[in-house]
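Secondary and tertiary structure notes
Residue strings, one per chain:
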Amino acid sequence: MSASDPLVEVRDLEMHFPLTRGVIFQRQYGAVRAVDGVSFSVARGETFGIVGESGCGKSTTGRLIMRLLEPTAGQVFFEGQEITNLDRRQLATLRRDAQMVFQDPYSSLNPRKTVGSIIAEPFIIHREAREANERRKEVRELMDRVGLNPEHYNRYPHQFSGGQRQRIGVARAIALKPKLLVADEPVSALDVSIQAQIINLLQDLQSELGLTLIFIAHDLSVVRHMCDRIAVMYLGKVVELAESERCFSQPRHPYTGALLASVPVPDPSISAAGRRPVLKGDVPSPSAPPPGCRFHTRCPKAQSLCSQEEPPLTEMPGGSLAACHFPLEGYSSSS
Ligand code: SF4
């Protein structure tokens, strides 16, 4: 495997959660199609954003990449090796090399453990041979690295603020120097003033440790300046995949354009909504996605073809991929 090969590759990934009826004899009557034929690859050292509204399948995709879920169909490759059929020993290696930071720093930390023992968990789980003193020293260094006071080693999670708790989660995630970090909405539970600090921390760690970062967010503005490329998901599918700046300056899919319209603009005289279609209505149920283009029930550009034929993900002029029969053209970003 060469350095130019992708670290992560996802091919036709599907995750359909069965819907069942009955208490004793459960019968399946449908499925929630959380992820429905998703393909992309992530290069080593890249920051790859996955963006979309709640229920679009972005977090499920992250969990499938971590193999916290078994996909219904499709494949995930990590360093060229398919991870959907790993044995226990191989899975343990993957768990070292790929770590996750969760959305809710309040519930992802054991309230009865000290911060020092929480951050030391990966050393113990993965049987990293270390004397207690050495482990304590390493944990203190990790605390310092993520901006926590090492003197607070013996404190409990409730004694920290939300941003500090997320730093604890980050310290635990990088303890074993993983190759991949999947950050699932790591800032959406935090105050806006704290969000930038955590994003800066992740960016600093990425360049220091040479990490590959998959950053999952519902807000496009969060990923704009940190991601190299962005995949926009809607109802279990990738509808646009583009380099970050192109995604903002020249969105091709009307859903991406509408998401951009909902990004707050600092100067009220620059009305983004005046030039862009604003997203209306709710996301349809992933258990009964609309036929044809799944976005047609909310799309301001929809025509009759859109409800009949599903558009494939196609390369657009400029290099973006978009799944749309009537993509946006000559679009320019104001933000
Ligand atoms: Fe809108 Fe039609 Fe494009 Fe779907 S295919 S995004 S409904 S224009």
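For the structure itself, look to the data block above.
Here the residue numbering is sequential within each chain, running from 1 through the sequence in written order. Confidence filtering applies because this is a predicted model: local features only for residues at pLDDT of at least 70, side-chain atom pairs given and counted only at 80 or more, and all residues used for totals across whole chains, interfaces and linings. The side-chain values count all of the structure's non-hydrogen atoms but skip hydrogen atoms and water molecules.

**A look at the packing of aromatic side chains**
In this description, an aromatic ring pair is defined by two values, namely the gap between the centres and the angle between the planes. We count it as follows: Between the rings of Phe, Tyr and Trp (Trp by its six-membered ring), a pair exists once the centres lie within 6.5 Å; its type follows the angle of the planes, with under 30 degrees stacked, over 60 edge-to-face, and the other angles tilted. Helix and strand assignments follow DSSP, with helices taken as H or I runs no shorter than four residues and strands as E runs no shorter than two, numbered in order from the N terminus. Note on classification: 1.4 Å probe, protein chains only; a residue is buried when its accessible area is under 20% of the maximum for its type, exposed when over 50%, partly exposed between these limits. Charge-over-ring contacts are defined here by two conditions on Lys NZ or Arg CZ: a distance within 6 Å of the ring centre and an angle within 35 degrees of the ring normal.
Within the structure shown, the criterion is met by 4 aromatic pairs. Centroid distance Tyr-255 to Phe-295: 5.2 Å. Interplanar angle 65°. Geometry classified as edge-to-face. Of this pair, Tyr-255 sits in helix α9 (residues 254–261) while Phe-295 sits in the loop between α10 (272–275) and β11 (314–315); the two residues are 40 residues apart in sequence, bridging distant segments of the chain. An identical accessibility class is assigned to Tyr-255 and Phe-295; each is buried. Chaining the aromatic ring pairs together yields one cluster made of Tyr-234, Tyr-255 and Phe-295. The aromatic ring of Tyr-29 is capped on one face by Arg-21, whose charged end is 4.0 Å from the ring centroid.

**Brief notes about empty space enclosed by the protein**
Rule in force here: Think of a 1 Å grid over the protein atoms and nothing else: a 1.4 Å probe that fits but is trapped marks a cavity, an open set flanked by protein within 12 Å on at least five of seven lines marks a pocket, and residues with an atom within 4 Å of a point count as lining. Grid points are joined across faces, edges and corners, and a volume is the space filled by probe spheres set on the points. In this classification, Asp, Glu, Lys and Arg are treated as charged, Ala, Val, Leu, Ile, Met, Phe, Trp, Tyr, Cys and Pro as nonpolar, and every other residue, Gly included, as polar.
Throughout the structure, instances matching the rule amount to 1 cavity of 30 Å³ or more. Put simply, the largest cavity is a space of about 90 Å³. Lining the largest cavity are 14 residues, and of these Pro-254, Cys-293, Cys-299, Cys-306 and Cys-324 sit closest to its centre. By residue class, the composition of the lining of the largest cavity is 10 nonpolar, 3 polar and 1 charged.

So far we have only geometry, and geometry alone does not tell us how the molecule works.
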